[in-house]
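Secondary and tertiary structure notes
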Amino acid sequence: MAQEASNGDHVSAKPPPTPSPLRNAKFFQANMRILVTGGAGFIGSHLVDRLMENEKNEVIVADNYFTGSKDNLKKWIGHPRFELIRHDVTETLLVEVDRIYHLACPASPIFYKYNPVKTIKTNVIGTLNMLGLAKRVGARILLTSTSEVYGDPLEHPQKESYWGNVNPIGVRSCYDEGKRVAETLMFDYHRQHGIEIRIARIFNTYGPRMNIDDGRVVSNFIAQAIRDEPLTVQAPGTQTRSFCYVSDMVDGLIRLMEGDNTGPINIGNPGEFTMLELAETVKELINPKVEIKMVDNTPDDPRQRKPDITKAKELLGWEPKIKLRDGLPLMEDDFRHRLGVPKKI
Ligand SMILES: NC(=O)c1ccc[n+]([C@@H]2O[C@H](COP(=O)([O-])OP(=O)(O)OC[C@H]3O[C@@H](n4cnc5c(N)ncnc54)[C@H](O)[C@@H]3O)[C@@H](O)[C@H]2O)c1
Ligand SMILES: O=C(O)[C@H]1O[C@H](OP(=O)(O)OP(=O)(O)OC[C@H]2O[C@@H](n3ccc(=O)[nH]c3=O)[C@H](O)[C@@H]2O)[C@H](O)[C@@H](O)[C@@H]1O
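Attention here is on the structure that accompanies the text. Computed from a predicted model, the values in this text were never measured in an experiment.

Around ligand 2, a shell composed of 25 residues is seen, among which Ala107, Thr146, Ser147, Thr232 and Arg241 lie nearest. A distance of 2.6 Å separates an oxygen atom of ligand 2 from a polar atom in the side chain of Arg172. Taking Thr232, its main chain carries an N or O atom lying 2.5 Å from a nitrogen atom of ligand 2. Contact with the protein chains removes 95% of the 710 Å² of surface that ligand 2 exposes when unbound. Those elements that place two or more of their residues in the shell around ligand 2 are helix H5 (217-226) and strand E8 (231-234). Classifying every residue of the shell around ligand 2 gives 9 nonpolar, 10 polar and 6 charged. Here the shell around ligand 2 spans two domains, and each of domain 1 (21-206 + 245-267) and domain 2 (217-240 + 271-305 + 322-339) adds at least three residues to it.

As structure tokens, this is what we get:
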């Protein structure tokens, strides 16, 4: 049985449900069949790459392509161990799997605020559906929650035991309250039905394959620097974030899934930067001539964010390896390739 949550005093009453009888069928294969919801997105597609490297894994991706793209998975389409399904997680899904990585949800504030009711449905009904699936087939399920569950945090850095400071009626609430309900559902299914759960609280992650115009700060600054456009720092510019390179994130998610702890566990890089510092770093590394321009911010923007990753270190033996200054150039190469703008020598 997985170990208890860091801050929950719950008791998991039931053992996990028995896996599907199909597991005992004569055509059973020893492979691990893994569902990745949101697998056509940024983190999901990198996770799929890593899972597909293991020849014992079969991977099924379910995605509605709202913010993801088949392009991110093109090297796997047609592979015998890979299946791609156009599917919206707010509808039920009937597949036989052993593991569910549940990532489906738009992550960029621009996209999750675009249709907030849909974002809530994705987080609540989508998670409910995936938990129902996990219950039916006895699968272990991992939810990609977020540092946004801490809201505009009054504790710094944020430990998993912090309950957060979240506006329940703000424009970001569809996402952060949605993820909070998703976490609650995960623990209720765990306590009530014995489902094996894992919860990752992900902090800002960046890397190749982010949508070029997705509005998140690292992708914005890199695209702007390549296009010779001013870097738009949203006021006051002293707000902080901690940026984790995507390969480190994928490693943390797999360790959490295959380890013994339910979480929630923070997965992120504790290196903390103001948005002005980030802009200066992008300018220095990518385009020293580019301007930095201060623009208006959006409501409820958290002022600071930095993960305490003691638990990830102790329980998963995980810590990030790639520093921001090393990760940004890797992302620059991918953006230049997709924008068709080679580096000037
Ligand atoms: N990237 C980050 O910094 C970050 C930080 C915290 C948490 N997360 C979480 O990690 C997960 C992945 O984030 P990402 O950065 O890869 O985002 P992304 O937007 O690139 O990927 C999300 C994927 O989910 C799909 N999707 C959205 N709604 C869906 C629905 N109703 N049904 C099926 N598919 C749907 C999208 O099409 C997309 O492929 C999300 O759950 C996000 O909340 C990400
Ligand atoms: O780590 C997390 O938990 C969350 O991080 C991000 O949310 P946010 O930190 O608001 O991400 P950005 O939109 O990249 O903004 C980061 C900071 O950069 C600033 N910013 C953004 C864009 C820009 O062009 N300029 C700029 O200064 C914003 O004001 C904000 O302070 C993600 O996109 C969420 O999905 C995720 O859950």
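So, next bit.
Below, the discussion takes up the sheet that holds strand E11 (residues 265-267). Overall, parallel pairing links the 7 strands, which are arranged E3-E2-E1-E4-E5-E6-E11 in an open sheet. If you trace the sheet from one side to the other, it starts and ends with strand E3 (82-86) and E11, each paired once. Averaged over all pairs of adjacent strands, the angle between their axes in this sheet comes to 20 degrees, without regard to strand direction. With 4 bridges joining them, strand E1 (residues 32-37) and strand E4 (residues 99-102) adopt parallel strand pairing.

This part is about the pattern of salt bridges. According to the stated counting rule, one finds 22 salt bridges in the structure shown. The closest approach of N and O atoms between Glu183 and Arg201, which form a salt bridge, is 2.7 Å. Of this pair, Glu183 sits in helix H4 (residues 173-193) while Arg201 sits in strand E6 (residues 197-202), and the two are 18 residues apart along the sequence. Neither Glu183 nor Arg201 differs from the other in exposure class; each is buried. The residue Arg325 makes a salt bridge to Glu284 at a minimum N-O spacing of 2.4 Å. Pair noted here: Arg325 is in helix H9 (residues 324-339) and Glu284 is in helix H7 (residues 275-286), with a separation of 41 residues, a long-range link.

Thresholds applied
Residues numbered from 1 in each chain as written. Chains lettered and ligands numbered in written order. Predicted model: local features only at pLDDT ≥ 70, side-chain atom pairs only at ≥ 80, totals over all residues. Heavy atoms only, no water. Near = heavy atom within 4 Å. Polar contact = N/O pair within 3.5 Å; in protein donor to acceptor, adjacent residues only side chain to side chain. Areas by Shrake-Rupley, 256 points an atom, 1.4 Å probe, with all protein chains shown as cover. Helix = DSSP H or I, 4+ residues; strand = E, 2+ residues; numbered from the N terminus. Nonpolar A, V, L, I, M, F, W, Y, C, P; charged D, E, K, R; others polar. Domains from an automatic or database assignment. Pairing = 2+ DSSP bridges. Axes fitted to C-alpha atoms, helices over the stretch in contact; angles between N-to-C directions. Salt bridge = Lys/Arg side-chain N within 4 Å of Asp/Glu carboxyl O. Buried < 20%, exposed > 50% of the residue type's maximum accessible area, 1.4 Å probe, protein only.

Take it as geometry only, folks, not as evidence of what the structure does.
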